[in-house]
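Listed below are the residues making up each chain.
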Amino acid sequence: MNKTIQPLKNALKGKVTIPGDKSISHRAVLFASLAKGESTIDGFLHGDDCLSTIACMKQLGIQIDEDGNRISVKGKGFQGLTEPAKVLDVGNSGTTIRLLSGVLAGQSFSSVLIGDDSIAKRPMARVTGPLKMMNADIDGRDQAEYTPLHLRGGDLKGIHYLSPVASAQVKSAILLAGLYAKGETKVTEPTKSRDHTERMLESFGVKVDVTEFSASLKGGQELQGTNIHVPGDISSAAFLLVAGAIVPGSEITLKNVGMNPTRTGIIDVLQQMGAKLTIENERLFGGEPVADLTICYSKLSGMTIDGDLIPRLIDEIPAIAVLASQAEGKTVIKDAQELKVKETNRIDTVVNQLSELGVAIEATLDGMIIEGKSTVNGGNVQSFHDHRIGMAMALCGLISTDPVHVEDTEAIAVSYPTFFEDLQSLSGEK
Ligand code: S3P
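Residues numbered from 1 in each chain as written. Predicted model: local features only at pLDDT ≥ 70, side-chain atom pairs only at ≥ 80, totals over all residues. Heavy atoms only, no water.

Peer 1: How should the state of the cysteines be read in this particular structure?
Peer 2: Two cysteines form a disulfide when their sulfur atoms are joined by a covalent bond. As enumerated under the stated definition, the model contains 0 disulfides in all. Note on C50: no disulfide assigned, nearest cysteine sulfur contributed by C56 at a separation of 12 Å. Accessibility expressed as a relative area gives 0% for C50, which makes it buried. (Disulfide = S-S within 2.5 Å. Buried < 20%, exposed > 50% of the residue type's maximum accessible area, 1.4 Å probe, protein only.)

Peer 1: It is not clear to me how the pattern of salt bridges should be interpreted in this structure. Could you clarify?
Peer 2: When the charged atoms of two side chains with opposite charge come close together, those side chains can pair. Inspection of every chain in the model, using the stated rule, returns 19 salt bridges. Between E189 and K171 there is a salt bridge, with the nearest N and O atoms lying 3.4 Å from each other. Here K171 lies in helix α6 (residues 168–178) and E189 lies in the loop between β11 (184–188) and α7 (196–203), a separation of 18 residues in the sequence. Residue classification places K171 among the buried residues on the basis of a relative accessible area of 2%. (Salt bridge = Lys/Arg side-chain N within 4 Å of Asp/Glu carboxyl O. Helix = DSSP H or I, 4+ residues; strand = E, 2+ residues; numbered from the N terminus.)

Peer 1: Sorry, what's going on with the environment of A321 here?
Peer 2: By the element assignment, A321 lies in helix α10 (residues 317–325). Looking at A321, the relative accessible area reads 0%, which means it is buried. In this structure, the C-alpha to C-alpha distance between A321 and E371, residues 50 residues apart in sequence, is 9.9 Å. The residues contacting A321, other than those within four sequence positions of it, are V350, L354, I361, M368 and I370. (Contact = heavy atoms within 4.5 Å.)

Peer 1: Would you mind showing me how to read the pairing of strand β22 (residues 379–382) here?
Peer 2: Walk down a regular strand and you will see the side chains alternate between the two sheet faces. Here β22 pairs with strand β23 (residues 404–407) via 4 bridges, running parallel. What sits directly across from V381, in β23, is V406. In this fold, the crossover linking β22 to β23 by way of helix α12 (residues 387–399) has right-handed handedness. (Pairing = 2+ DSSP bridges. Right-handed = clockwise from strand over helix to strand, strands pointing away.)

Peer 1: I keep staring at the packing of helix α11 (residues 346–356) against α12 and nothing clicks. Help me out?
Peer 2: Geometrically, a packed helix pair is captured by the angle between its two axes and the distance between the axes. It is the contact of α11 with α12, at a shortest axis distance of 11 Å, that shows an interaxial angle of 20°. Viewed along their axes, α11 and α12 adopt a mutual orientation that is roughly parallel. The element α11 and its partner α12 pack so that their crossing is right-handed. Side by side, α11 and α12 meet where R346, T349, V350, Q353 and L354 of the first sit next to H387, R388, I389, M393 and C396 of the second. (Axes fitted to C-alpha atoms, helices over the stretch in contact; angles between N-to-C directions. Parallel < 35°, antiparallel > 145°, perpendicular 65-115°, else oblique. Left-handed = near helix turned anticlockwise from the far one by under 90°.)

Peer 1: Please explain the sheet that holds strand β6 (residues 88–89) as it appears in this structure.
Peer 2: Strand pairs in the sheet, formed through backbone hydrogen bonds, run parallel or antiparallel to each other. Spatial strand order, β6-β7-β9-β8: 4 strands in an open sheet with mixed pairing. Each edge of the open sheet is held by one strand with a lone partner, namely β6 and β8 (137–140).

Peer 1: So what exactly am I meant to see when it comes to the domain arrangement of the protein chain here?
Peer 2: How big an interface is tends to be stated in terms of accessible area lost as the parts join. Annotation of the protein chain at the domain level lists domain 1 (3–20 + 231–427) and domain 2 (22–216). On the side of domain 2, 24 residues touch domain 1, which itself brings 26 residues to the contact. Note on domain 1 versus domain 2: buried area summed over both sides is about 2,000 Å², and carbon and sulfur give 48% of it. Applying the counting criterion to the domain 1 and domain 2 interface returns 3 salt bridges. Linking E343 and R122 is a salt bridge whose minimum nitrogen-to-oxygen distance equals 4.0 Å. Residue assignment for the side of domain 1 that touches domain 2 shows that the elements contributing at least two residues are β17 (288–296) and α12. Across the side of domain 1 that touches domain 2, the residue classes tally to 10 nonpolar, 7 polar and 9 charged. (Domains from an automatic or database assignment. Buried area = accessible area lost by both parts, 1.4 Å probe. Nonpolar A, V, L, I, M, F, W, Y, C, P; charged D, E, K, R; others polar.)

Peer 1: Would you take a moment to explain the nonpolar core for this structure?
Peer 2: As a rule of thumb, soluble globular proteins bury nonpolar side chains together. With 75 residues, the main nonpolar core has L240, M368 and F419 as its most contacted residues. For this core, the element with the highest residue contribution is helix α8 (residues 234–246), accounting for 10 residues. Once residues within four sequence positions are removed from consideration, F419 is found in contact with F239, L240, M391, A394 and I412. Membership of the second largest hydrophobic core comes to 66 residues, among which are L131, M134, A136 and F204. (Core = buried A, V, L, I, M, F, W, Y, C linked by side-chain atoms within 4.5 Å.)

Peer 1: Could you clarify how one ought to interpret the site of the ligand in this entry?
Peer 2: Neighbouring the ligand are S23, R27, T95, A166, S167, A168, Q169, R194, I314, D315 and K342. A distance of 2.7 Å is found between an oxygen atom of the ligand and a side-chain nitrogen or oxygen belonging to S23. Within the contact set of the ligand, an oxygen atom lies 3.4 Å away from a side-chain nitrogen or oxygen of T95. Burial of the ligand by the protein amounts to 94% of the accessible area it has alone, namely 390 Å². Both of domain 1 (3–20 + 231–427) and domain 2 (22–216) provide at least three residues apiece to the shell around the ligand. (Near = heavy atom within 4 Å. Polar contact = N/O pair within 3.5 Å; in protein donor to acceptor, adjacent residues only side chain to side chain. Areas by Shrake-Rupley, 256 points an atom, 1.4 Å probe, with all protein chains shown as cover.)

Now the structure itself:
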């Protein structure tokens, strides 16, 4: 599916309730499947990635029922999964394959994981390596660096893993395997990655010890079914926050946005660039902080984004590049080499596609440099089947001189299926 975005005649105005957080939705289904008894999940994201997690857990013998935004999961305890009759297909979802690898490493049966063309290129040794150290038996292309992965559960032993990358997928896979391991399993990261796993395991009754850069747990702890409330995804909100900041005259309110401090780098960037952003109604919602955010069109200035800030906004960099193109002066993004191993190589895809529309942007080894303030031209751009590239390109079409044609926008349903409807309701255009 292709989409033509016409430059807006009006400002963006109004309110939107942001759909559920993708990271939290995955974990809710996965952990509920391992728990004893029934769990309910409210506000679940019906994005393609999270639906892949549901499909895999069903193949592993778990009954999952969907009723609108509420999901109910009949967990069978952490030894309750059954050997899948077919290959488990994670689609485009890196979170599904990496977290599920941790769970499957602890099972006494054998399973095979595959995904789409993007998954086939993404590195898996960052997860399969430490799982092998725990005694899991894993094969895969290029020594389990790439899919298909074949996992056969071992008698796992706890390890203390010093991760070379700040990655919540790595940390979570190891901690999940740690539930099946003898003794203690600990992960230490160079900087703290998102901590939804640690928070949610606690909600399911698992004791997790957390320090500044480490998380650890003891094997053999049983999860108890519970009710999970999923807050809105700040990574989806980011695209509308950027839209509000760059479309002249706009004022939009985004309700129920997850404000976990490991995810709020985009808020820091907007504030530092000078955006008019108001944070209201801050509250705790199912163990996660949330708030309502109001953003107004703002005069912005460029900045440097690097270091510890990067893991707190890694998924927002495609949106931030568009934001930076409308700021006065230079924005430098450094220390973001992890962008190269996302759904696409997001240094290349962001830089190539924004250049295509006339934005002054250049790639560096670990990020990019964007010169503001650029006039955005119309033209043809690709999403490369990467949801966040598709949405970033659509943002360009809101402020471009001529229409922007974005190819393969169906990818956006991976994380934000109602993106175009929400934009349309804010633009007041039919
Ligand atoms: C995620 C962790 C991040 C993030 C991804 C979702 C998660 O990946 O980019 O979109 O849900 O744990 P890494 O763990 O590779 O940093």
